Amino acid sequence: MGIRFILMVNKQGQTRLAQYYEYLTLEERRALEGEIVRKCLARNEQQCSFVEHRTYKIVYRRYASLFFLVGVDNGENELAILEFIHLLVETMDRHFGNVCELDIMFHLEKAHFMLEEMVMNGCIVETSKANILTPIQLMDKAS
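Residues numbered from 1 in each chain as written. Predicted model: local features only at pLDDT ≥ 70, side-chain atom pairs only at ≥ 80, totals over all residues. Heavy atoms only, no water.

As for the pattern of salt bridges
Where side chains of opposite charge bring their charged atoms close, a pairing between them can arise.
Move 1: Applying the stated criterion across every chain yields a total of 8 salt bridges.
Move 2: Measuring nitrogen to oxygen at the nearest pair gives 3.9 Å for the salt bridge that ties Arg 62 to Glu 45. Taken together, the residues span a long stretch of sequence, with Arg 62 in strand S4 (residues 56-63) and Glu 45 in the loop between helix H1 (26-41) and strand S3 (50-53) at a distance of 17 residues.
Move 3: Here Glu 45 falls in the exposed class, since its relative accessible area comes to 70%. (Salt bridge = Lys/Arg side-chain N within 4 Å of Asp/Glu carboxyl O. Helix = DSSP H or I, 4+ residues; strand = E, 2+ residues; numbered from the N terminus. Buried < 20%, exposed > 50% of the residue type's maximum accessible area, 1.4 Å probe, protein only.)

This is the structure we're talking about:
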């Protein structure tokens, strides 16, 4: 398995979306998120976007006021994960039109649905924006 978790966090360190692909108790999740968020937000823009933490490699990227953090196995390709983060942001941009923190907060189920279309059991299974967004557009038409 490659991806262990995906977090979307604002500049204040508040988690806006969390998706885990391995079992962790709520206490473990809360502690892990706090440690990782503090570590990543404390870094400046001149530092690289990869951080090792416990048994994970954290790949992160900041877009406007949101940080996208992905925890992966140590053997995972960091640049491929950066591309995945960019694809996720582009997909959300296409659907929401310049995605922002409020889009995630008010449409959390759609953000989770996009992630579920892209990642299954920690493996990236879909990279086509059209294929990711088609089911969401169909749901929007039906409602």
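Once you've had a look at it, read on.
Side note on the packing of helix H2 (residues 78-96) against helix H4 (residues 108-118)
Move 1: One can describe the packing of H2 onto H4 by two numbers: an axis separation of 11 Å at closest approach and a directional angle of 135°. Judged on the interaxial angle alone, H4 and H2 are oblique. Pair H2 / H4 crosses with right-handed handedness. Judged by residue contacts, Phe 84, Leu 87, Leu 88, Thr 91, Met 92, His 95 and Phe 96 of H2 engage Lys 110, Ala 111, Met 114, Leu 115 and Met 118 from H4.
Move 2: In terms of residue class, the contact of H2 with H4 is built from 9 nonpolar, 2 polar and 1 charged. (Axes fitted to C-alpha atoms, helices over the stretch in contact; angles between N-to-C directions. Parallel < 35°, antiparallel > 145°, perpendicular 65-115°, else oblique. Left-handed = near helix turned anticlockwise from the far one by under 90°. Contact = heavy atoms within 4.5 Å. Nonpolar A, V, L, I, M, F, W, Y, C, P; charged D, E, K, R; others polar.)

Details of unusual backbone geometry
Move 1: Although it is not a glycine, Arg 54 sits at a positive phi angle of roughly 50°.
Move 2: Structurally, Arg 54 can be placed in the loop between S3 and S4.
Move 3: When its relative accessible area of 53% is taken as the criterion, Arg 54 is described as exposed.
Move 4: Unlike most non-glycine residues, Asn 98 shows phi in positive territory, near 55°.

Concerning the sheet that holds S4
Move 1: If you trace the 5 strands from one edge of the open sheet to the other, you get S2-S1-S5-S4-S3, paired in antiparallel fashion. Each edge of the open sheet is held by one strand with a lone partner, namely strand S2 (15-20) and S3. Neighbouring strand axes in the sheet, compared pairwise and without regard to direction, differ in orientation by 20° on average.
Move 2: Summarising the sheet, S3 and S4 pair through 4 bridges and their orientation is antiparallel. (Pairing = 2+ DSSP bridges.)

Function-wise, these values are silent; they only describe arrangement.
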